[in-house]
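Chain residues, written in single-letter form:
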Amino acid sequence: MTTNCLRGKKVLVLGASGQVGRELLKQLEIQDCEVTAIRLSKWTKKNDSTSNFNYLSLDINTQDSSKLKNLINDHQYIFHLAGDTEVQSIKDKERDYFLSWIIPLQSMLDSMVKSEKVLVFASSCSVYGNYPKLPVDENTIENPLTSYDLAKVVCDNFIRYYRDKHGVNCSSLRFSNIYG
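Model, not experiment: these values are computed from the prediction. (Residues numbered from 1 in each chain as written. Predicted model: local features only at pLDDT ≥ 70, side-chain atom pairs only at ≥ 80, totals over all residues. Heavy atoms only, no water.)

Chemist: For this particular structure, what's the right way to read the pairing of strand β4 (residues 77-80)?
Modeler: As a general feature of sheets, a regular strand has side chains that alternate between the two faces. By the alternation rule, side chains of β4 split into Tyr 77 and Phe 79 and Ile 78 and His 80, which are all buried. With four bridges joining them, strand β1 (residues 10-14) and β4 adopt parallel strand pairing. Its bridge partner lying in β4, Val 11 is registered against Tyr 77. For β4 and strand β5 (residues 118-124), the ladder comprises four bridges, and the chain directions are parallel. Paired with His 80 across the bridge in β5 is Phe 121. (Buried < 20%, exposed > 50% of the residue type's maximum accessible area, 1.4 Å probe, protein only. Helix = DSSP H or I, 4+ residues; strand = E, 2+ residues; numbered from the N terminus. Pairing = 2+ DSSP bridges.)

Chemist: Hey, could you run me through the sheet that holds strand β6 (residues 169-175) in this one?
Modeler: Strand-to-strand pairing in sheets goes through backbone hydrogen bonds, with the strands running parallel or antiparallel. Strand order in the open sheet formed by six strands is β3-β2-β1-β4-β5-β6, with parallel pairing between adjacent strands. The outermost strands of the open sheet, each flanked by one partner alone, are β3 (53-57) and β6. For this sheet, the mean inter-axis angle between neighbouring strands, taken without regard to orientation, is 15 degrees. Contacts between helix α3 (residues 91-112) and the sheet are confined to β1, β4, β5 and β6, with β5 contributing the most and set at about 155 degrees to the helix. (Axes fitted to C-alpha atoms, helices over the stretch in contact; angles between N-to-C directions. Contact = heavy atoms within 4.5 Å.)

Chemist: In this structure, what is going on with the layout of surface pockets? I would like to understand it.
Modeler: It is a probe the size of a water molecule, rolled over the atoms, that shows where empty space is left. Taken as a whole, the largest pocket spans an internal volume of roughly 820 Å³. With four residues, the single largest contributor to the lining of the largest pocket is α3. (1 Å grid on protein atoms, 1.4 Å probe; cavity = no way out; pocket = protein on both sides within 12 Å on 5 of 7 lines; lining within 4 Å. Points joined across faces, edges and corners; volume = space filled by probe spheres on them.)

Chemist: Please explain the state of the cysteines as it appears in this structure.
Modeler: Formally, a disulfide is one covalent bond, and it connects the sulfur atom of one cysteine to the sulfur atom of another. As enumerated under the stated definition, the model contains zero disulfides in all. Between Cys 5, a cysteine without a disulfide, and Cys 33, which holds the nearest cysteine sulfur, the sulfur-to-sulfur distance is 8.7 Å. (Disulfide = S-S within 2.5 Å.)

Chemist: Where do I start with the pattern of salt bridges in this structure?
Modeler: Two side chains of opposite charge can pair, provided their charged atoms sit close to one another. Taken as a whole and assessed by the stated rule, the structure comprises seven salt bridges. Residue Glu 34 is joined to Lys 10 by a salt bridge in which the shortest nitrogen-to-oxygen separation is 3.9 Å. Of this pair, Glu 34 sits in strand β2 (residues 34-39) while Lys 10 sits in strand β1, and the two are 24 residues apart along the sequence. Classification of Glu 34 by relative accessible area gives partly exposed; the value is 41%. Close ionic contact of Lys 10 with Asp 74 constitutes a salt bridge, the shortest N to O distance being 2.9 Å. Placement of Lys 10 in strand β1 and of Asp 74 in the loop between α2 (66-73) and β4 is noted, with a sequence separation of 64 residues between them. Within this structure, Lys 10, Glu 34 and Asp 74 form a network of salt bridges that share partners. (Salt bridge = Lys/Arg side-chain N within 4 Å of Asp/Glu carboxyl O.)

Chemist: It is not clear to me how the side chain of Lys 117 should be interpreted in this structure. Could you clarify?
Modeler: By the secondary structure assignment, Lys 117 is in the loop between α3 and β5. Of the buried charged residues, Lys 117 lacks a salt bridge, with Asp 74 as the closest side chain of opposite charge at 7.3 Å. A polar atom in the side chain of Lys 117 sits 3.0 Å from the backbone oxygen of Asn 73. Beyond its immediate sequence surroundings of up to four residues, Lys 117 is in contact with Ile 72, Asn 73, Asp 74, His 75, Gln 76, Ile 78, Met 112 and Asn 169. (Lys, Arg positive; Asp, Glu negative; His and termini not counted. Polar contact = N/O pair within 3.5 Å; in protein donor to acceptor, adjacent residues only side chain to side chain.)

Chemist: What is the right way to look at the environment of Phe 121 in this model?
Modeler: Structurally, Phe 121 can be placed in strand β5. A residue is classified by how much of its surface remains accessible, and Phe 121, at 0% relative accessible area, is buried. Separated by 52 residues in sequence, Phe 121 and Leu 173 have C-alpha atoms that sit 6.0 Å apart. In contact with Phe 121, other than residues within four places in its own chain, are His 80, Trp 101, Leu 105, Lys 152, Cys 155, Asp 156, Ile 159, Ser 171, Ser 172 and Leu 173.

In structure tokens, the structure reads:
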């Protein structure tokens, strides 16, 4: 997908202040999209010259998911770039960490069933472990080594399931080392 197909569309970007999110916002501005840019913390500097950009601070993990569902319903394209990149190693916190990935994604996917909306989820090639056989392709078996990797694998499988069983137009985009 190129950003040309997004010209004039309503686009939601979760995790808009990260490295990939900031670059995506630049591309969407060129395409004259109506954008809602979401991040967890408060926005300190906004590009005031872009009138069709709306900057919101939102915790997508809140128990009240109605705001997130309303945002999903109001946009045609959703880029899910948000996530807690902390690798959780404290056993008592594993469950909450894992659910913080799964619950918002499932809520988004549920609200997209029987719609024309498109979701692109940012995943990671780290799900393959330390030394996957190269080249990696869709048949490569995941070998998650951290809680972050495991959460990404489960999210990827949720996306595949909703695409195949419920017809949701969604996909995972597995980045390699973008921070290199």
